[in-house]
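Take a look at the letters that make up each chain.
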Amino acid sequence: MSILIKGGRVVDPKNNIDKILDVLVKDGRIAKVAADIDEKADRVIDAGGKVVAPGLIDLHVHFREPGYEYKEDIETGSRAAARGGVTTVVCMPNTDPPIDNPALVKYVLDRGREVGLTNVLTVGCVTKGQQSKELSEMGELKNAGAIGVSDDGRPVINPSLMRRALEYASMFDLPVMSHSEDLDLVDGGSMNEGYMSTYLGLRGIPKCAESVAVTRDVLIAEEVGGRLHVCHVSTRNSIDAIRRAKKRGANITCETAPHYFSLTDKAVDGFNTNAKMNPPLRDEDDVNAVIEGLIDGTIDAIATDHAPHDKDEKDIEFEYALNGIVGLETSLALGYTNLVMSGKLTLSQLIEKMSANPADIIKIDKGTLGEGKAADIVIFDTEHEYEVDPEKFASKNHNCPYGGMKLRGRVDTTILGGNIVYEREA
Ligand SMILES: [Zn+2]
């Protein structure tokens, strides 16, 4: 099967390309990127007025399999990814049972391949059963195909264990993807502590519950080495800590999620449980800090933290509702609308944070449209506004705070390894 994508704006930051070009795909690979390619193909896609970019790489999703298939499974999650232009996902291991052994790593990878709608990768647990007591067998996890370790959903509570995790993971060249949170400081809070929590009468989570833990992990990593990747940063002080360590030369990366630059804790008003996640939505100063961190490169990547929950787990009192929102089908449009249209990032910088940089962080040969590379491609429309309708999501659940929002950057076509895995109808 060959595909010729004609006349799109090709944005490929790794090759410094942002230009109207054609892209020829043959045998699952990028065969040629050039102006006016005059070759026959099985399928010709007119991408005039559209953007053609390397498929997105999302370092942080919860596909919930095994154990929580009522929230999402690898098939529905993969379909949501394809609809979002996401051609590689990294699953978090807080499943039931947690992904802390080679058999479970293999299960997730095999199931992902079987479904075949996105490259499904996974991390394994840092600690056995995510119990923060004993390190997992990281070498075995890596041999089974895990691309990193994380206890996401929970922090590695003991700092000495975090130190040993970084040292042990570095023997296998695995990143430790840290959910950095101080549970003592969270102290039963359910939203960001500030004006809104007082106004709503909800117990707040102070920002330092995140920034203290991030600072701890950053300082440990700086001293003992290894590859620390900080997940979902959301506060000014967390970002400052990472910025300072990077300036000193520390080998640290981090990600934020679209909600941390798109929303503030005002979205919680009315006890909106679709605006409840962990870390919680912060205030305007933090949103500005996240955007500054994206602009100056302190924040390397945008990952969704796609976290579906059943209606029954969200349609309850705010304090009891579970944390998390679905994100795969809106991440590109939120990035385009809130970062590129507002002039904060160039389109190339956005693609860098959603594709090229994530590929580098987990050391996979993707995130580019270079000739000979796997043909993972997203084609999207930046000209027309559309309204987000969570009911139309492919995800099993629709816990999403963006319903009714008007965005630009809707995905038209997603190509995975040379096969079209999603095409928008009308
Ligand atoms: Zn997390």
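Our subject is the structure listed above.
So, how was this worked out
Residues numbered from 1 in each chain as written. Predicted model: local features only at pLDDT ≥ 70, side-chain atom pairs only at ≥ 80, totals over all residues. Heavy atoms only, no water. Helix = DSSP H or I, 4+ residues; strand = E, 2+ residues; numbered from the N terminus. Rg over C-alpha atoms; globule rule 2.2 N^0.38 Å. Buried < 20%, exposed > 50% of the residue type's maximum accessible area, 1.4 Å probe, protein only. Contact = heavy atoms within 4.5 Å. Donors = N, O, S within 2.8 Å, 3.2 Å for Na, K, Ca; no water. Pairing = 2+ DSSP bridges. Axes fitted to C-alpha atoms, helices over the stretch in contact; angles between N-to-C directions.

Asks: Sorry if this is basic, but what is going on with the overall build of the protein here?
Replies: When helices and strands are counted, the protein shows 13 helices and 17 strands. Its C-alpha atoms give the protein a radius of gyration of 20 Å, near enough to 22 Å, the size a compact globule of 426 residues would have. With the principal axes as the frame, the protein shows a C-alpha extent of 65 × 45 × 45 Å. Burial statistics for the protein: of 426 residues in total, 60% are counted as buried. In the protein, once contacts between residues fewer than 6 apart in sequence are set aside, the share between residues at least 24 apart is 74%.

Asks: When you look at the coordination of the zinc ion in this model, what are you seeing that I'm missing?
Replies: Reference values for angles at a metal are 109.5 degrees in the four-donor tetrahedral case and 90 or 180 degrees in the six-donor octahedral case. Looking at the zinc ion, the protein donor atoms are Asp152 (OD), His179 (ND1) and His232 (NE2), and they sit 1.9 to 2.2 Å from it. Between consecutive donors of the zinc ion, the numbers of intervening residues give the motif D-x26-H-x52-H. In this pair, Asp152 sits in the loop between helix H3 (138-144) and helix H4 (159-171) while His179 sits in the loop between strand S9 (175-178) and helix H5 (183-186), placing the two residues 27 residues apart along the sequence. For His179, a relative accessible area of 4% translates into the label buried.

Asks: Whenever I open this one, the sheet that holds strand S8 (residues 119-122) confuses me. Can you help?
Replies: Strand pairs in the sheet, formed through backbone hydrogen bonds, run parallel or antiparallel to each other. If you trace the three strands from one edge of the open sheet to the other, you get S6-S7-S8, paired in parallel fashion. Edge positions in the sheet fall to strand S6 (56-61) and S8, since each has one partner strand and no second. Here the average twist between neighbouring strands, direction ignored, is 20°. Both S6 and strand S7 (residues 86-91) contribute to a ladder of four bridges, which runs parallel. Each residue of the ladder has a partner; that of Ile57, found in S7, is Thr88.

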